[in-house]
Structures are given as C-alpha cells and as structure tokens.
Amino acid sequence: LESNEFTHINLSKFVGDQKLYKEWDDEYNCPIYDEDLICDELESTMLRGKVIVDFHGCDFFPQEWFDLVILLRADNTILYDRLVEREYPQKKISENVECEIMQVIHDEAYESYDSSIIWELQSNTPDEMNDNYEKILEFLQSRI
C-alpha cells in the first residue's frame, strides 16, 4: 500500500492545527470540538474519497462518508495502563475507562452507521494489533 493512495487524517491533530474549536477545556487540556466546523472543513476531502479518519468518536459524521468504521476495543485494565503511560490526568483516565465500560463509542457507532460496515477489533496485545493491521490493510488494498 503506497502512502499516497489514501489520505490519513488524525482528527485530534487536525482540529488543533486548523483551530476547529471555539473553546478550550483547561481541566482536560484539550479543545472542545465544534462538530459543524469539523464537518465543513472535511467535506471536500471526504467527498474525493480514500480518506482514513482517525478519531475517538463518530456520531457526528455523515454516514455516506465511510465504507468502514473500526472500533478498537481494549480491556479496561489495559486501557487504564495505556492512558497512565500517556500521562493523562486521573479524571480523564477515569472518564475514558468509564466510557469503555458503558460502551459509549460502541453505541454511537451502531446508532450512527449500518452494522455491516462496523468492525470491532480487540487491541490488547501486540499480536492482536498486528492482526488488526493486516485486516485493515487487506481491506484498504481491496479499495485501490
């Protein structure tokens, strides 16, 4: 797979770089996303196709933008350890783990998209991550 065949957008970075927010949350040290600004900014890129959007939420994007929605899942203890390693504040760690327990993103995905385009992939171990990479790569290669 050539890097120029798809456009990868790390949406958190994109939002920061493009200032697609109206407020800053000092407690979490992150922007409060403006979903309309994000969608307006992405629309022309998304309509060209072959775009990979990397983000922790999905319920505000138009359904027609995506052929595949990937939910990376992790056991709560592994997720907790990863967030500690990233030096997230304790409140943000607790909230993220609670969201995983309550399946917030899972439910958003299934409420927003047809279940036939949603893949739930476990991402606990290096072997699972490698398997996920291979599955995703195979899917992308089928789209070239």
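Remember, it's a predicted structure, so these values are computed and weren't measured experimentally.

(A) Highlighting helix H6 (residues 126-142). Here H6 contains 17 residues, and its C-alpha end-to-end distance of 24 Å stays within 8% of the 24 Å for a straight helix at 1.5 Å per residue. Residues Asn 132, Leu 137, Phe 139 and Leu 140 constitute the buried set of H6. Around the axis of H6, the buried residues are gathered within 160° of arc, so they sit on the same side. When the buried face of H6 is taken as reference, the exposed residues oriented beyond 90 degrees from it are Asp 127 and Glu 138.

(B) Inspection of the pattern of salt bridges at higher detail. If you walk through the whole model with that rule in mind, you get five salt bridges. Taking the shortest distance from any N to any O, the salt bridge between Asp 34 and Lys 22 comes out at 3.2 Å. In this pair, Asp 34 sits in the loop between strand E3 (30-33) and helix H2 (35-48) while Lys 22 sits in strand E2 (residues 21-25), placing the two residues twelve residues apart along the sequence. A residue is classified by how much of its surface remains accessible, and Lys 22, at 67% relative accessible area, is exposed. Across the salt bridge formed by Arg 73 and Glu 120, the nearest N and O atoms sit 3.0 Å from each other. With Arg 73 in strand E5 (residues 69-73) and Glu 120 in strand E6 (residues 118-122), this pair connects stretches of sequence that are 47 residues apart. Judged by relative accessible area, Glu 120 falls into the partly exposed class, the value being 37%.

About the criteria used
- Residues numbered from 1 in each chain as written.
- Predicted model: local features only at pLDDT ≥ 70, side-chain atom pairs only at ≥ 80, totals over all residues.
- Heavy atoms only, no water.
- Helix = DSSP H or I, 4+ residues; strand = E, 2+ residues; numbered from the N terminus.
- Expected span 1.5 Å × (residues − 1).
- Buried < 20%, exposed > 50% of the residue type's maximum accessible area, 1.4 Å probe, protein only.
- Arc of directions from axis to C-beta.
- Salt bridge = Lys/Arg side-chain N within 4 Å of Asp/Glu carboxyl O.

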